[in-house]
Every structure is written in structure tokens, then in C-alpha cells.
Amino acid sequence: MNCNTEAQNFPTSRDGMEPRMDIYVGIHKALRAMMLDTLQAVGRVDVDDPAETRTACERVQELADICASHLGHENDFVHAAMEARRPGSSARIAAEHVEHLAAISRLRAAASDLLAAGRGAMQAKAALRLYRQLALFVGENFAHMHVEETLHNQVLWSCYSDEELRALEGSIVASLPPSENLCIMRWMVPAMTPAERAELLAGIQAAAPAPVYAAVLDAVRPHLAREDWVKLTRALTPAEAAVLIVA
């Protein structure tokens, strides 16, 4: 498709228009949920408890891993698609990605510094420094993701059909190692609306081998309230729903 094709050929997700395929909505809900939960964990960490402190630092490192990987996927897949049909359209966010990678490195260092700090005042100071640094990172990323969800989506919607965008998303998902995919599912599914959860899980059920589908369910169930689990299982096939609800 030529990017110069008039936008009305591919209606956008504006009021009164049929919603378009949004490649950002699910993953960004996952990232926001993971960022906020990690920020809270660091903010309340008991530095007098070595195990709790180590767990909090490990969570920061896991968040750093997911964020760095996500930036790479956006650069390699989404930005490449944008540049192919509208050169220069990803330049602003690509530059921010460079800054975010540097911020991720600083977060890793701050978490390591907390683990290496001595007990007492030095450790408390290192924990507060990590918390404030993480808070800035989260705030900057929230604003960054909003630009992607608005300006980048407008480019994608005007340049690609929904079928092409689904294929693009499929390519990204196929590139993920299983462990990373399960981690993303753990955060994404609980952060979704009931309708979004049902659509996502139905798609996985239809496309993935049964053990993969079961692994996703196992990863997300502990993080769903019972009411949300019931709604999800009722949206699946009736026979399976009866088993999953009572399991």
C-alpha cells in the first residue's frame, strides 16, 4: 500500500469510526502495569530485610530487561515499517529510544548500587535514589508511550491495512523467547479489559499448541481476581469454562 493513499480508505479509531488495529494497546498496558508495580515495590522496600531488598532489585533488573527488549522490537519492526512507507516518521521516538537505553543502564547500575550498599543510612539513601530514578523513568515512558499511541498510530493507520498490522504484530510475537512472552502475558492479561482478555486468549487458543495455551493460563490466573477469571472462562468454550472455573 502507498502511504499517500487517502486516510479515509483506512478509517482511524476516532469517535464514530470503526476501531483500527492498535499494535500498541496491549503491550503498553503490560508495560505500564509492570512499571507501576515495580515502582511501588521499590518505594516500600524494607532495606533491613536483605531478601526483600534483593527481590526488589531483581524486579528492577527484570523491568530493565523487558523495556530494553521492547525498544529493540519497536526499532526493528514498527519503526522499520513506518520508515518503509513514510520516511522520517519514527525519528523523534527513535531518538528517545536512545535516551531510554541510557536511562535503563542507569537503573541497572542504581539497583546494583543498592545491593552493594552497606547496612543503615547508606543503604536507605541508595534505595531512595533508585526509587526516584525509577519514578522519573516511569513518568518519561508514560509520556513517550502516549506519543506512540497517537502520532505513530496515525502513521501506521494511514500506511497499512489492519491485516498488515496484525501480520506485523505476529512477527513481533514470533520473535519473542517463550520466557519473555510469558512474562509479558503475566502483566498484559490482568491489565486488559474483559473483552480484550477474551479476544487475546481465544486467539492464542486457536493458534498455539495446547501446552503453550495452558502455560499462558497458568501464568495469568494467579494475578486475576476471581470475578475476572470467571468472566474470562465464560468467554471461552462452555465445556472448557466449566473446568477452568472450578479448577
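Computed from a prediction, not measured in an experiment: that's the story for all the values here. Here the residue numbering is sequential within each chain, running from 1 through the sequence in written order. Selection of residues for local features in this predicted model requires a pLDDT of at least 70, selection of side-chain atom pairs for listing and counting requires 80 or more, and totals for whole chains, interfaces and linings are taken over all residues. Water and hydrogen atoms were dropped before computing side-chain values, which therefore reflect all heavy atoms in the structure.

Enquirer: Which residues make up the side chain of Arg186, and what are the values?
Expert: Secondary structure elements are defined from DSSP: runs of H or I of at least 4 residues count as helices, runs of E of at least 2 residues count as strands, and each element is numbered from the N terminus. Secondary-structure assignment places Arg186 in helix α6 (residues 178–191). Relative accessibility thresholds used throughout: buried, under 20% of the residue-type maximum; exposed, over 50%; partly exposed, between the two (1.4 Å probe, protein chains only). Counting rule applied: Lys, Arg positive; Asp, Glu negative; His and chain ends not counted. Every case where a carboxyl oxygen of Asp or Glu lies within 4 Å of a side-chain nitrogen of Lys or Arg is listed as a salt bridge. It is Asp37 that comes nearest to the buried, bridge-free Arg186 among opposite-charge side chains, at 5.0 Å. Non-local contacts of Arg186, meaning those with residues more than four positions away in its chain, are made with Ala219, Val220 and His223. We call two residues in contact whenever any of their non-hydrogen atoms come within 4.5 Å of each other.

Enquirer: Account for the nonpolar core, naming residues and giving values.
Expert: Ranked by size, the top nonpolar core spans 49 residues in total, and within it Met35, Leu130, Leu134, Phe137 and Met185 carry the most contacts. The greatest single-element share of this core, amounting to 8 residues, is contributed by helix α2 (residues 50–85). In this entry, domain limits derive from an automatic or database-based domain assignment. Inspection of this core shows a minimum of three residues originating in each of domain 1 (24–174) and domain 2 (192–246). With sequence-adjacent residues up to four places away left out, Phe137 is seen in contact with Met35, Cys67, His100, Ala103, Ile104 and Leu107. In these notes, a set of buried Ala, Val, Leu, Ile, Met, Phe, Trp, Tyr and Cys residues joined through side-chain atoms within 4.5 Å is what counts as a nonpolar core.

Enquirer: Tell me what's going on with helix α1 (residues 25–43), and back it up with residues and numbers.
Expert: One less than the number of residues in a helix, times 1.5 Å, gives the span that helix is expected to have. Taking 1.5 Å per residue, 19 residues should reach 27 Å; α1 reaches 27 Å between its end C-alpha atoms and fits that length. Within α1 the residues assigned to the buried category are Gly26, Ile27, His28, Ala30, Leu31, Met34, Met35, Thr38, Leu39, Ala41 and Val42. The secondary structure elements touched by the buried residues of α1 are α2, α4 (121–159) and α6.

Enquirer: Account for the pattern of salt bridges, naming residues and giving values.
Expert: Scanning the model with the defined rule gives 8 salt bridges in all. Lys29 is the partner of Glu196 in a salt bridge, and the nearest nitrogen-oxygen pair spans 2.8 Å. One end of the pair, Glu196, is in helix α7 (residues 194–207); the other, Lys29, is in helix α1, and 167 residues separate them in sequence. Taking relative accessible area as the criterion, Lys29 reaches 24% and is therefore assigned partly exposed. Residue Arg85 is joined to Glu164 by a salt bridge in which the shortest nitrogen-to-oxygen separation is 3.2 Å. Taken together, the positions of Arg85 in helix α2 and Glu164 in helix α5 (residues 162–174) put the pair 79 residues apart, joining distant regions of the chain. When its relative accessible area of 24% is taken as the criterion, Arg85 is described as partly exposed.

These values are about where atoms sit, not about what they do.
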